[in-house]
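# Summary of structural features
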Amino acid sequence: MGSSHPSAEAARGLGRLLTGTEAKEIADRLVDGDTVTAALKAVAAGRRPPLRALLAPDPVAFVRDQAVAVLRAIEGARSTTTAIDPLWTMPGHLARSGPLTSSVAHLVENARQSVTCSTFNFQRSSGLWSALRTAALRPEISVRVYVDRKAAEHAGSPSTAEVAAHVRPAVVLRTRAFDGGYVRNHAKFLAIDHRFLLVTSANFSWSAEHGNVELGVLADNPNLVQVIESEMRRVEDALYERVTP
């Protein structure tokens, strides 16, 4: 292949950078007649320059049909059927459709590559508290934690510095002031191995994992997880600051 369309190496690069959904949106825009510049608006601005260099290395000789074919191949290769399961916590073991309590720790304990955790606060009584420490000590696993700064200041909760020390060498980020106001981290999810996503109403505490009525949804969808993790990384510098143990 020449410079008029993505080479095999460039196609592999696009496959590493794009989710299936993003590849589809860019391809759809090109099919509708959009320019490369307009089509790349389907992704965040900061990611467009490397994608442009791979997709259209020579804009003058750009071959639209071949670029679309590469993008459709990425879309197909990254398409997955999402498996979704509801997970409940209820008092008295009344829940019948999945044990949220055991699933939280189980997901972390069985991670093979990465764990991303976002929560309002932690309690040391939580099953996740010990599971995260164990995962962080495994050199093959990358652990990243987002936590609310003010919530960690409440009595009985570990401070953000204590969280960072507990899960060292994991990366721990706490909310910071933005545009003159306080940012509250209320997103509660676990992303495991860039594949599994648990979104839950529960804080990671003993009461939430054992006594409350809490609902979580566990999804098996790498594309979805990549989009969520990428979005968190994109806003890190504006909304969070890294915690030093």
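In what follows, the structure referred to is the one given above.
Presented here is a report on the structure given in the accompanying data block. Predicted, not measured: the structure shown is a model, and the values here were computed from it.

On to the environment of Ala56. Within the secondary structure layout, Ala56 lies in the loop between α4 (48-55) and α5 (64-78). Distance from Ala56 to Val36, taken between C-alpha atoms, is 7.6 Å for residues 20 residues apart in sequence. Discounting residues that sit within four places of it in the chain, Ala56 has contacts with Val36 and Phe62.

The next subject is helix α7 (residues 127-136). Every buried residue of α7 is accounted for by Leu128, Trp129, Ala131, Leu132, Ala135 and Ala136. By the N-cap criterion, in which a side-chain oxygen at the helix start approaches the backbone nitrogen of a residue two or three places on, α7 is capped by Ser126, the distance to Leu128 being 3.0 Å.

For the bond from Arg168 to Pro169, the omega torsion is 10 degrees, close enough to zero to count as cis. Tracing the backbone through its elements, the reader meets Pro169 in the loop between α8 (160-166) and β4 (171-175). The phi angle at Asp193 is positive, at roughly 55 degrees, despite the residue not being glycine. Phi at His194 takes a positive value of approximately 55 degrees, unusual for a residue other than glycine. Topologically, His194 is positioned in the loop between β5 (189-192) and β6 (196-200).

Let us look at the pairing of strand β3 (residues 142-147). Two faces, one strand: in a regular strand the side chains alternate between the faces of the sheet. In terms of burial, β3 is largely enclosed, as five of its six residues are buried. Pairing of strand β2 (residues 114-119) with β3, which is carried by six bridges, proceeds in the parallel orientation. Within β3, the position partnered with Cys117 by the bridge is Val145. The sheet contact formed by β3 and β4 spans four bridges and is parallel. Across the sheet, Val145 pairs through a bridge with Val172, a residue of β4. Regarding topology, α8 serves as the crossover connection from β3 to the parallel β4, and that connection is right-handed.

Glancing now at the nonpolar core. Within soluble globular proteins, side chains that are nonpolar tend to cluster in buried spots. Judged by nonpolar contacts, the single largest core of 30 residues is most densely connected at Val108, Val115, Phe122, Leu128, Leu132, Val143 and Leu190. Of all hydrophobic cores here, the second largest spans 20 residues; its members include Ile26, Leu30, Val36 and Val70.

Two elements in contact, helix α1 (residues 8-17) and α4, have axes separated by 9 Å at closest approach and are oriented at 150 degrees. The pairing of α1 with α4 is recorded here as roughly antiparallel in orientation. Crossing geometry of α1 relative to α4 is assigned as left-handed. Along the contact surface, α1 presents Ala10, Gly13, Leu14 and Leu17, while α4 presents Pro50, Leu51, Leu54 and Leu55. Looking at the contact of α1 with α4 residue by residue, the class counts come to seven nonpolar, one polar and no charged.

Rules used in this analysis
Residues numbered from 1 in each chain as written. Predicted model: local features only at pLDDT ≥ 70, side-chain atom pairs only at ≥ 80, totals over all residues. Heavy atoms only, no water. Helix = DSSP H or I, 4+ residues; strand = E, 2+ residues; numbered from the N terminus. Contact = heavy atoms within 4.5 Å. Buried < 20%, exposed > 50% of the residue type's maximum accessible area, 1.4 Å probe, protein only. Polar contact = N/O pair within 3.5 Å; in protein donor to acceptor, adjacent residues only side chain to side chain. Pairing = 2+ DSSP bridges. Right-handed = clockwise from strand over helix to strand, strands pointing away. Core = buried A, V, L, I, M, F, W, Y, C linked by side-chain atoms within 4.5 Å. Axes fitted to C-alpha atoms, helices over the stretch in contact; angles between N-to-C directions. Parallel < 35°, antiparallel > 145°, perpendicular 65-115°, else oblique. Left-handed = near helix turned anticlockwise from the far one by under 90°. Nonpolar A, V, L, I, M, F, W, Y, C, P; charged D, E, K, R; others polar.

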